[in-house]
Amino acid sequence: GAVVSQHPSRVICKSGTSVKIECRSLDFQATTMFWYRQFPKQSLMLMATSNEGSKATYEQGVEKDKFLINHASLTLSTLTVTSAHPEDSSFYICSARGAVEHEQYFGPGTRLTVT
Amino acid sequence: RKEVEQDPGPFNVPEGATVAFNCTYSNSASQSFFWYRQDCRKEPKLLMSVYSSGNEDGRFTAQLNRASQYISLLIRDSKLSDSATYLCVVNGAGGFKTIFGAGTRLFVKA
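Read on for an overview of the structure. Everything numeric here is computed off the predicted structure, so don't read it as measured data.

Conventions we followed
Residues numbered from 1 in each chain as written. Chains lettered and ligands numbered in written order. Predicted model: local features only at pLDDT ≥ 70, side-chain atom pairs only at ≥ 80, totals over all residues. Heavy atoms only, no water. Disulfide = S-S within 2.5 Å. Helix = DSSP H or I, 4+ residues; strand = E, 2+ residues; numbered from the N terminus. Contact = heavy atoms within 4.5 Å. Buried area = accessible area lost by both parts, 1.4 Å probe. Salt bridge = Lys/Arg side-chain N within 4 Å of Asp/Glu carboxyl O. Polar contact = N/O pair within 3.5 Å; in protein donor to acceptor, adjacent residues only side chain to side chain. Buried < 20%, exposed > 50% of the residue type's maximum accessible area, 1.4 Å probe, protein only. Pairing = 2+ DSSP bridges.

**Describing the state of the cysteines**
All names here are of chain A.
1) Next: One pass over the structure, following the stated rule, counts two disulfides over all chains.
2) Next: Put simply, cysteine 23 and cysteine 94 are joined by a disulfide, and their sulfur atoms are 2.0 Å apart. Here cysteine 23 and cysteine 94 share a disulfide; its torsion about the S-S bond, 80°, makes the bridge right-handed. Of this pair, cysteine 23 sits in strand E3 (residues 19-25) while cysteine 94 sits in strand E9 (residues 90-98), and the two are 71 residues apart along the sequence.

**Notes on the interface of chain B and chain A**
1) Next: Opposite the 18 residues of chain B that make contact, chain A presents 21 residues.
2) Next: Across the chain B to chain A interface the summed buried area is about 1,500 Å²; carbon plus sulfur atoms make up 53%.
3) Next: The interface formed by chain B and chain A holds zero salt bridges in total.
4) Next: For the interface between chain B and chain A, the tally reads one residue pair in polar contact (both at pLDDT 80 or more).

**Quick notes on the side chain of Lys66(A)**
All names here are of chain A.
1) Next: Note on placement: lysine 66 falls in the loop between strand E6 (57-58) and strand E7 (67-73).
2) Next: For lysine 66, a relative accessible area of 12% gives the class buried.
3) Next: Excluding its chain neighbours within four sequence positions, the residues that come into contact with lysine 66 are Thr80, Val81, Thr82, Ser83, Ala84, His85 and Asp88.

**Re the pairing of strand E4 (residues 32-38) of chain B**
Residues and elements named next belong to chain B.
1) Next: Of all seven residues that make up E4, seven are buried, and the element is covered over most of its length.
2) Next: Every second residue of E4 is oriented toward a common face, with Ser32, Phe34, Tyr36 and Gln38 on one face and Phe33, Trp35 and Arg37 on the other, all of them buried.
3) Next: Pairing geometry for E4 and strand E9 (residues 84-91), over seven bridges, is antiparallel. Each bridged residue has a counterpart across the sheet, and for serine 32 the counterpart in E9 is asparagine 91.
4) Next: Where E4 and strand E5 (residues 45-50) come together, five bridges link them in antiparallel fashion. From the neighbouring strand, tyrosine 36 faces E5, where its bridge partner is leucine 46.
5) Next: Hairpin connection of E4 to E5: six residues between the antiparallel strands, including arginine 41 at a positive phi of 65°.

Printed below as a string of structure tokens:
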């Protein structure tokens, strides 16, 4: 199956700092990328959907100024958590979907801990 | 009502048992359906797509009932390695928005 990578896999940062997470589709062009957040023992929650070259569509309750998404190319999307706070500590997962694929391929996730 | 609902479990079954999970969805315009598997602290991985005609992959059988708006997953001859959380996934109209169920936890014991 298709491969999606995420970097970093784990990050610890201090409250008030910003963190950037990269999501790359390695062997296909991802026309659409999705960003999810998962708290312990909870389901994946979609944060936003982005199409290459256009602004991301955020789900209700997700602050677009706090979670900046850039989908600059067909193989790269980034999520920047700005002014992170402890409540932003979570498992962030991206997924990518190509133009001809109906399934989504998930990155391995990034575990963010804000101290 | 949640858009996608699953029994959270956990289901505790012995090796070799047959276990079935159901999932209901609220949007009748939903287009496509999947089961994903998620191991602890890992990303979800596609287990199988779900078609109206039903589909089988080894010990796994998935079925879709559009009239009743539910999908099911049947696992036969459970293995220890089947222990995981199984996520029901529904793509909305136009296949654009993906909704995940909260997952059903399965523990297979020796």
